[in-house]
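Structure at a glance
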Amino acid sequence: GDGKDPACVCQASGYRNVLADEPSGIRAQCREWLNIQLTAGAWGAVAASSVVVINRFIEVVVVGLVDLQRPKTVISRSRRIMNLIFVVQFFNLGFVTALVHWDMGINVIGNGILGLLGNGSFTDFSFDW
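To keep things clear, this report deals only with the structure shown in the data block.

Calculation criteria
Residues numbered from 1 in each chain as written. Predicted model: local features only at pLDDT ≥ 70, side-chain atom pairs only at ≥ 80, totals over all residues. Heavy atoms only, no water. Helix = DSSP H or I, 4+ residues; strand = E, 2+ residues; numbered from the N terminus. Contact = heavy atoms within 4.5 Å. Areas by Shrake-Rupley, 256 points an atom, 1.4 Å probe, with all protein chains shown as cover. Disulfide = S-S within 2.5 Å. Buried < 20%, exposed > 50% of the residue type's maximum accessible area, 1.4 Å probe, protein only.

Quick look at the overall build of the protein chain now. Across its full length, the protein chain holds five helices and two strands. Taken from the N to the C terminus, the helices and strands of the protein chain come in the order α-α-α-α-α-β-β. Contacts in the protein chain between residues far apart in sequence, at least 24 positions, make up 11% of those at least 6 positions apart. Counting every atom, the protein chain has about 10,100 Å² of accessible surface; 65% of that belongs to carbon and sulfur.

Here you go:
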């Protein structure tokens, strides 16, 4: 070969040219790359769909919990919903993200905790976060 990384050649050629097999033979050369890209796209779609389902579930739970409190006014109900959503989103977006990207330096059933939490690449707070 010419020493070029096949993934770089495929990326540079672009999806359209690889699928159209232009230049000739590029599709065969990039078959594995296409499979990797397809798998990554499928996992992205699964992740996005699960986020939508989880957010809808959380919405139903939050509104249900607030309605159990029987607020006396619409404003009071809206404020309680907003406050509870803030708490849920704080943990969802902030706290969990920090735990995932933090390198705890421990191993509990895998790297970090179960290979999910504390298995990140940052050991301290820095501008790289």
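Here the narrative resumes, following the displayed structure.
Scanning the entire structure with this criterion turns up one disulfide. In this model Cys10 forms its disulfide with Cys30; the gap between the sulfur atoms is 2.0 Å. As the torsion about the S-S bond is roughly -100°, the Cys10-Cys30 disulfide counts as left-handed. Here the residue Cys10 occupies a position in helix α1 (residues 6–13), and Cys30 occupies one in the loop between α3 (26–29) and α4 (31–68), the gap between them amounting to 20 residues. By relative accessible area, which is 0% here, Cys30 ends up buried. Residue Cys8 stays outside any disulfide, its sulfur separated by 9.1 Å from that of Cys10, the closest cysteine.

Nothing here speaks to function; it is all geometry.
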